[in-house]
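For reference, the chains in residue letters:
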Amino acid sequence: MIIKNGLVLRPDGSAQTLDIRIERGRITELGALGDRSDDQILDARDRLIAPGLVNTHCHSNENYFKGCFDNLPLELWLLFSYPVLSAPRQSAREIYVRTMLGCIEMLRSGCTTVVDFLYEMPETTPESVTAVLQAYRDSGMRVLLIVGYSDKVYYETTPMAMEMLTPELKERMDREPLPTPEESLQLVDALRERWHGLDNRIAIGLGPSGPQRCSDRELEMTAEYAARHDLRIHIHTLETKMQAYTGRLYWGKTIIEHLHDLNFLSPRVSLNHAIWLTERDIDLVAESGATATHNLLSNFKLGSGISPVPEMLARGINISLGTDGKSSNDSQDMYEVVKTVALLHKTQQPEFERWLGAPESWHMGTLGGAQSIGLHDELGRIEVGQRADLVLFDRNTIPFTPLNNPLHQLVYCLPSSTVRTVLVEGEIAVDDGRMARVDEVELLREGNELGRAFVERSGATFEISRKIFPAVAAGYRHAVAQDVGVRRHIGNEV
Ligand SMILES: [Zn+2]
C-alpha cells in the first residue's frame, strides 16, 4: 500500500508532505514515491498523519459501567466495580460485545494499541479471555492482554474496620474461591501458548493486581515466569494514600521498597498509577528501569492524587499514559488524556522553564507507551522500519483550522472527532470514520441492550457491597489521616 501526499508528523514534531509505503505491516519507504502497478493507493491530500496513540492502562471488563459512579474514592468504588461477593458472571457474547465497545471508542479516536488489564469477575477463564481477544482480533486493534490475578482474601488486602463487618460477611469472604499462584500462572501459560504473537498484534502479559493483594510468593513467581518467557508485567502500585499506608502497615516499609526487596522491579514492569511515592521510592524505580503508567483522569475521578511525573521524568523514568477503565474514566479517548497531561503539571510548580507541554505529553502517549509494552523500537514514530500503526485526520476541520502547529493542535485541540482512517500493522481498521471490519451500528445496539441488562443484574450484588461499605469507609478515613512519608501535596490530605 502507498499513502500519497499526506502531511506527516515527523519524530521531531515537525510535519512534512510525504508518501508512505507499507509492506507486510511495516513502513518501508518515506518520501516522494512513484507508484508500482500493484500498489493500493490511499489518497491523503487533506490528511494529517500521526502515529497511533498507545493506551497503556485500561480494564475492558468495566466497559458496561460507563457513567455509573461518581464521588467514590478507589477503595469504595472497587466494592461496586469489582464486587467482593456474588459478582454476576457474563456470557461469552456479553464479554465479546463489551470488549468491542472499547475497541470502537479507542480506534475511532486515534488509539491503535491498548494494554487491557483484564480482571474478569467472578473469575478469569480461558473462555472469557478468548471472547475478549476475539473482539480485539476482529476489530484489528493491537493489544497487550494482561491477565489479572491475586491470591489474598479481600479483608487482608485493604485495612478496614473488621469490627464493622458481620461474621456472616466475613465467612462468605473466606469461602470465596481464590486461585493459587500456580493456577494463575497455568492460565497465563495456556493463553500465552495459544495467543502470544498472533497476527503480530496480540501479546499476553502478567497482572498481579497489586502488591498488597498478592502474596510474596505470587509476586516472585510472576517475576520469574515473566523473565523466563520474556513477557511484560503490569501491576497497580501506590494508586492511593490508603495503599501507601497499607505498605507501612503490612511490611513496615513502602510498597516500592517491598517490591525492590523481592527483586520484582525490572524494565519489564509497568507500575500503574505510581502516585504516592517517597523520594527514595522514585530512586528505586529509576534504578530498576520500570515504567510508570500515568492515568490522571481516573486519578482525578477517584480523588487518588497526582503522580509526580515531572520528578520521575527528571530521574529518567519512562512514563506512559492510560485512560484506565470506563468505570473510573468514563471516556476512553486518549486525546483527552494527552491534553490534560500537557496542562496539569504546569499547576504543580511556578518554575515555567521546567513545565511539561505538548511534546512531552505526546512522547508519553506514543514512545513512552511503546516502551511500556516492549515495542520501543517499533511503535510510536513514523519512520522506515516502524510498524504501520497510523492515524489519518481530516485537516479541513475546526481542530486544524488554521493549521499553525500540527503537534500542538493534536495535543490541545481534541482532534479525535476528525479521525478518518486508522491503520494497525498496515491494515485498515477505521475507514472513512467508521469501523472497517465490524458492523458498528449493530454492535452499539447490542451493547446498549446487553450493558443495560448487566448493570440491572448487578443490583443484588451492589446491595451486598453496601453492607461491606461502612467497614471500608472507616478504614479509608483512618488511612488518609496517616503520615505516609510523602512530602508533596497530591490530594487525599485531610
Ligand atoms: Zn487499573
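Refer to the structure printed above.
Now for a description of the structure that goes with this document. (Residues numbered from 1 in each chain as written. Predicted model: local features only at pLDDT ≥ 70, side-chain atom pairs only at ≥ 80, totals over all residues.)

### As for the overall build of the protein chain
Moving on, step 1. Counting its secondary structure elements, the protein chain contains 16 helices and 17 strands.
Moving on, step 2. Here the protein chain has a C-alpha radius of gyration of 22 Å; the compact-globule value for 494 residues is 23 Å, and the two agree.
Moving on, step 3. Oriented by its inertia axes, the alpha-carbon framework of the protein chain measures out at about 75 × 50 × 45 Å.
Moving on, step 4. Burial analysis of the protein chain (494 residues in total) assigns 52% to the buried set.
Moving on, step 5. Put simply, 78% of the contacts in the protein chain that link residues at least 6 apart link residues at least 24 apart. (Helix = DSSP H or I, 4+ residues; strand = E, 2+ residues; numbered from the N terminus. Rg over C-alpha atoms; globule rule 2.2 N^0.38 Å. Buried ≥ 20, exposed ≤ 12 C-beta atoms within 10 Å, placed from the backbone. Contact = placed C-beta atoms within 7 Å.)

### Some words on the packing of helix H5 (residues 181-195) against helix H6 (residues 216-229)
Moving on, step 1. Direction vectors running N to C along H5 and H6 enclose 20 degrees, while the axes themselves pass 10 Å from each other. Between H5 and H6, the angle is such that the two are roughly parallel. Crossing of H5 against H6: the hand is right-handed. Residues Pro181, Leu185 and Arg192 of H5 form the contact with H6, whose own contacting residues are Arg217, Glu218, Met221, Tyr225 and His229.
Moving on, step 2. When the residues that make up the contact of H5 with H6 are grouped by side-chain class, the tally is four nonpolar, one polar and three charged. (Axes fitted to C-alpha atoms, helices over the stretch in contact; angles between N-to-C directions. Parallel < 35°, antiparallel > 145°, perpendicular 65-115°, else oblique. Left-handed = near helix turned anticlockwise from the far one by under 90°. Nonpolar A, V, L, I, M, F, W, Y, C, P; charged D, E, K, R; others polar.)

### Concerning the pairing of strand S9 (residues 202-208)
Moving on, step 1. For S9, the buried fraction is high: six of the seven residues fall into the buried class.
Moving on, step 2. Pairing geometry for strand S8 (residues 142-149) and S9, over seven bridges, is parallel. Across the sheet, residue valine 147 finds its bridge partner in S9, namely leucine 206. (Pairing = 2+ DSSP bridges.)

### Thoughts on the nonpolar core
Moving on, step 1. One finds Ile49, Leu107, Val132, Met141, Leu145, Val147 and Val338 to be the most contacted residues of the largest nonpolar core, which totals 134 residues.
Moving on, step 2. Contacts of valine 147, omitting those with residues within four sequence positions, involve Leu118, Thr124, Leu187, Val188, Leu191, Ile204, Leu206 and Gly207. (Core = buried A, V, L, I, M, F, W, Y, C linked by C-beta atoms within 7 Å.)

### A short note on H6
Moving on, step 1. The first and last C-alpha atoms of H6 sit 20 Å apart over 14 residues, in line with the 20 Å expected at 1.5 Å per residue.
Moving on, step 2. When H6 is considered as a whole, its buried residues turn out to be Glu218, Leu219, Met221, Thr222, Ala223 and Ala226.
Moving on, step 3. Looking at the buried residues of H6, the elements they touch are H5, S9 and strand S10 (233-237). (Expected span 1.5 Å × (residues − 1).)

### Describing the environment of proline 208
Moving on, step 1. Of note, proline 208 is situated in strand S9.
Moving on, step 2. By C-beta crowding, proline 208 is classed as buried, having 26 other C-beta atoms within 10 Å.
Moving on, step 3. When the C-alpha atoms of proline 208 and serine 150 are compared, they prove to be 5.8 Å apart, with 58 residues separating the residues in sequence.
Moving on, step 4. Non-local contacts of proline 208, meaning those with residues more than four positions away in its chain, are made with Tyr149, Ser150, Cys214, Glu218, Leu219, Thr222 and Ile235.

### Focus: the environment of phenylalanine 462
Moving on, step 1. Here phenylalanine 462 lies in helix H16 (residues 459-480).
Moving on, step 2. Separated by 381 residues in the primary sequence, phenylalanine 462 and serine 81 have C-alpha atoms spaced 9.2 Å apart.

### Considering the pairing of strand S13 (residues 318-321)
Moving on, step 1. Side chains Asn318 and Ser320 project from S13 onto one buried face, and the interleaved Ile319 and Leu321 project onto a second face that is buried too.
Moving on, step 2. Taken together, the four bridges between strand S12 (residues 291-294) and S13 define a ladder with parallel strand orientation. Its bridge partner lying in S13, alanine 292 is registered against isoleucine 319.

### A short note on unusual backbone geometry
For residues besides glycine, phi is generally negative; the peptide bonds are generally trans as well.
Moving on, step 1. With an omega of -5 degrees, the peptide bond between methionine 121 and proline 122 qualifies as cis.
Moving on, step 2. We note that leucine 238 has phi near 55 degrees; this positive angle belongs to a residue other than glycine.
Moving on, step 3. Turning to its location among the elements, leucine 238 is positioned in the loop between S10 and helix H7 (241-251).
Moving on, step 4. The buried category is assigned to leucine 238, around which 31 C-beta atoms lie within 10 Å.

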